[in-house]
Amino acid sequence: SQTIHQWPATLVQPVGSPLSLECTVEGTSNPNLYWYRQAAGRGLQLLFYSVGIGQISSEVPQNLSASRPQDRQFILSSKKLLLSDSGFYLCAWSVGGENIQYFGAGTRLSVL
Amino acid sequence: SQKIEQNSEALNIQEGKTATLTCNYTNYSPAYLQWYRQDPGRGPVFLLLIRENEKEKRKERLKVTFDTTLKQSLFHITASQPADSATYLCALGTDTGGFKTIFGAGTRLFVKA
């Protein structure tokens, strides 16, 4: 069966520090991969998605970047965090045209 | 711009009653609509998908309707239980929109025993 791993679960970082969140998927090949951010009481904001190794589409210009070095690995990064980067970050994968999303457990990021 | 609206106010119902949640959308022609459940501090979990040519879909105590004329989906939970308490998100996608799905902000449901 397929599983998705996302870590860390919580993270507290100072403003201006770098960020690296990692997500890996097991049990499926060539998945579509996604990074979302969810602010309190708000919907899921799609940040990046990838349909293959090295292929990254950015939805919202911002302080973040994403990379897909391997088929089932997706990394969210920042060189210098801002206060506004705080939030709940979710990784997800999908296969197939109906694009059903399977989410990781999420990372709660607090930038202080 | 594309917009998905879900009732931002929490829905409080008594155990055993039917919960009905609404998802409205504008400036969008989705090929399918999905419903997810999200518990506090967790990632959303997929529940049901309904396509534009389907009027209704059922799964156990869950029922989803899709009215492309009204641009609305209704999500019903029959015989609700306290364990059904969670936030429910609707999401829309198109067959030509690549691999992007647009999510609503969700409606919080509380089922009281």
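Description of the structure in this document. (Residues numbered from 1 in each chain as written. Chains lettered and ligands numbered in written order. Predicted model: local features only at pLDDT ≥ 70, side-chain atom pairs only at ≥ 80, totals over all residues. Heavy atoms only, no water.)

Quick notes on the overall build of chain B
Now for step 1: Along chain B, the regular secondary structure elements total zero helices and 11 strands.
Now for step 2: Counting from the amino terminus, chain B carries its helices and strands in the arrangement β-β-β-β-β-β-β-β-β-β-β.
Now for step 3: Taken over the C-alpha trace, chain B has a radius of gyration of 14 Å; the compact-globule value for 113 residues is 13 Å, and the two agree within 12%.
Now for step 4: Restricting to contacts in chain B with at least 6 residues of sequence separation, those with at least 24 account for 56%.
Now for step 5: Accessible surface, chain B: about 5700 Å² in total, of which carbon and sulfur atoms supply 47%. (Helix = DSSP H or I, 4+ residues; strand = E, 2+ residues; numbered from the N terminus. Rg over C-alpha atoms; globule rule 2.2 N^0.38 Å. Contact = heavy atoms within 4.5 Å. Areas by Shrake-Rupley, 256 points an atom, 1.4 Å probe, with all protein chains shown as cover.)

A look at the environment of Gln34(B)
Now for step 1: The residue Gln34(B) is located in strand 4 (residues 32–38) in this model.
Now for step 2: For Gln34(B), a relative accessible area of 0% translates into the label buried.
Now for step 3: Excluding residues that lie within four positions of it along the chain, Gln34(B) makes contacts with Glu98(A), Asn99(A), Ile100(A), Phe46(B), Leu48(B), Leu49(B), Leu89(B), Cys90(B), Ala91(B) and Thr101(B).
Now for step 4: Of the polar contacts made by the side chain of Gln34(B), one reaches the backbone oxygen of Asn99(A); its length is 3.4 Å. (Buried < 20%, exposed > 50% of the residue type's maximum accessible area, 1.4 Å probe, protein only. Polar contact = N/O pair within 3.5 Å; in protein donor to acceptor, adjacent residues only side chain to side chain.)

Focus on the nonpolar core
Residue and element names in this part refer to chain B.
Now for step 1: Ranked by size, the top nonpolar core spans 23 residues in total, and within it Leu33, Trp35, Phe75, Ile77, Tyr88 and Leu109 carry the most contacts.
Now for step 2: Elements represented by at least two residues in this core include exactly strand 3 (19–26), strand 4, strand 5 (45–51), strand 7 (62–67), strand 8 (72–77), strand 9 (86–93) and strand 11 (107–112).
Now for step 3: When near neighbours in sequence (up to four residues on either side) are disregarded, Leu109 contacts Leu11, Ile13, Ala19, Ile77, Asp84, Ser85, Ala86 and Tyr88. (Core = buried A, V, L, I, M, F, W, Y, C linked by side-chain atoms within 4.5 Å.)

A few points about the interface of chain A and chain B
Now for step 1: On the chain B side, the residues contacting the 23 residues of chain A number 19 residues.
Now for step 2: Summed over both partners, the interface of chain A with chain B comes to about 1600 Å²; 56% of that surface belongs to carbon and sulfur atoms.
Now for step 3: Three residues stand out in chain A for area buried against chain B, namely Leu44(A), Glu98(A) and Asn99(A), and they jointly supply 27% of the buried area on that side.
Now for step 4: Along the contact surface separating chain A from chain B lie zero salt bridges.
Now for step 5: Summed over the shared surface of chain A and chain B, the result is four residue pairs in polar contact (both at pLDDT 80 or more).
Now for step 6: For the side of chain A that touches chain B, the elements supplying multiple residues, two or more each, are strand 4 (32–38), strand 5 (44–52) and strand 9 (87–94) of chain A.
Now for step 7: When grouped by side-chain class, the residues that make up the side of chain A that touches chain B number 11 nonpolar, eight polar and four charged. (Buried area = accessible area lost by both parts, 1.4 Å probe. Salt bridge = Lys/Arg side-chain N within 4 Å of Asp/Glu carboxyl O. Nonpolar A, V, L, I, M, F, W, Y, C, P; charged D, E, K, R; others polar.)

Examining the layout of surface pockets
Now for step 1: The computed volume of the largest pocket comes to approximately 400 Å³.
Now for step 2: As for the largest pocket, its lining consists of 20 residues, and the residues nearest its centre are Gln38(A), Gly41(A), Arg42(A), Gln38(B) and Thr87(B).
Now for step 3: Of the residues that constitute the lining of the largest pocket, the class distribution is six nonpolar, nine polar and five charged. (1 Å grid on protein atoms, 1.4 Å probe; cavity = no way out; pocket = protein on both sides within 12 Å on 5 of 7 lines; lining within 4 Å. Points joined across faces, edges and corners; volume = space filled by probe spheres on them.)

Some thoughts on the sheet that holds strand 8 of chain B
Consider a sheet: its strands pair through backbone hydrogen bonds, and that pairing is either parallel or antiparallel.
All names here are of chain B.
Now for step 1: Ordered by their spatial adjacency, five strands build an open sheet running 1-3-8-7-6, and the pairing between neighbours is antiparallel. Where the open sheet ends on each side, the last strands, each with one partner, are strand 1 (3–6) and strand 6 (56–59). Going from strand to strand, the sheet's axes swing by 15° on average, the running direction of each strand aside.
Now for step 2: Note that strand 7 and strand 8 share six bridges and pair antiparallel. (Pairing = 2+ DSSP bridges. Axes fitted to C-alpha atoms, helices over the stretch in contact; angles between N-to-C directions.)

Structural notes on the pairing of strand 3 of chain B
All names here are of chain B.
Now for step 1: Here strand 3 shows a clear split, with Ala19, Leu21, Cys23 and Tyr25 buried on one side and none of Thr20, Thr22, Asn24 and Thr26 buried on the other.
Now for step 2: In terms of strand pairing, strand 1 meets strand 3 through four bridges, oriented antiparallel. Each bridged residue has a counterpart across the sheet, and for Glu5 the counterpart in strand 3 is Asn24.
Now for step 3: Here strand 3 runs beside strand 8; their pairing, made up of six bridges, is antiparallel. Paired with Thr22 across the two strands is Leu74, which belongs to strand 8.

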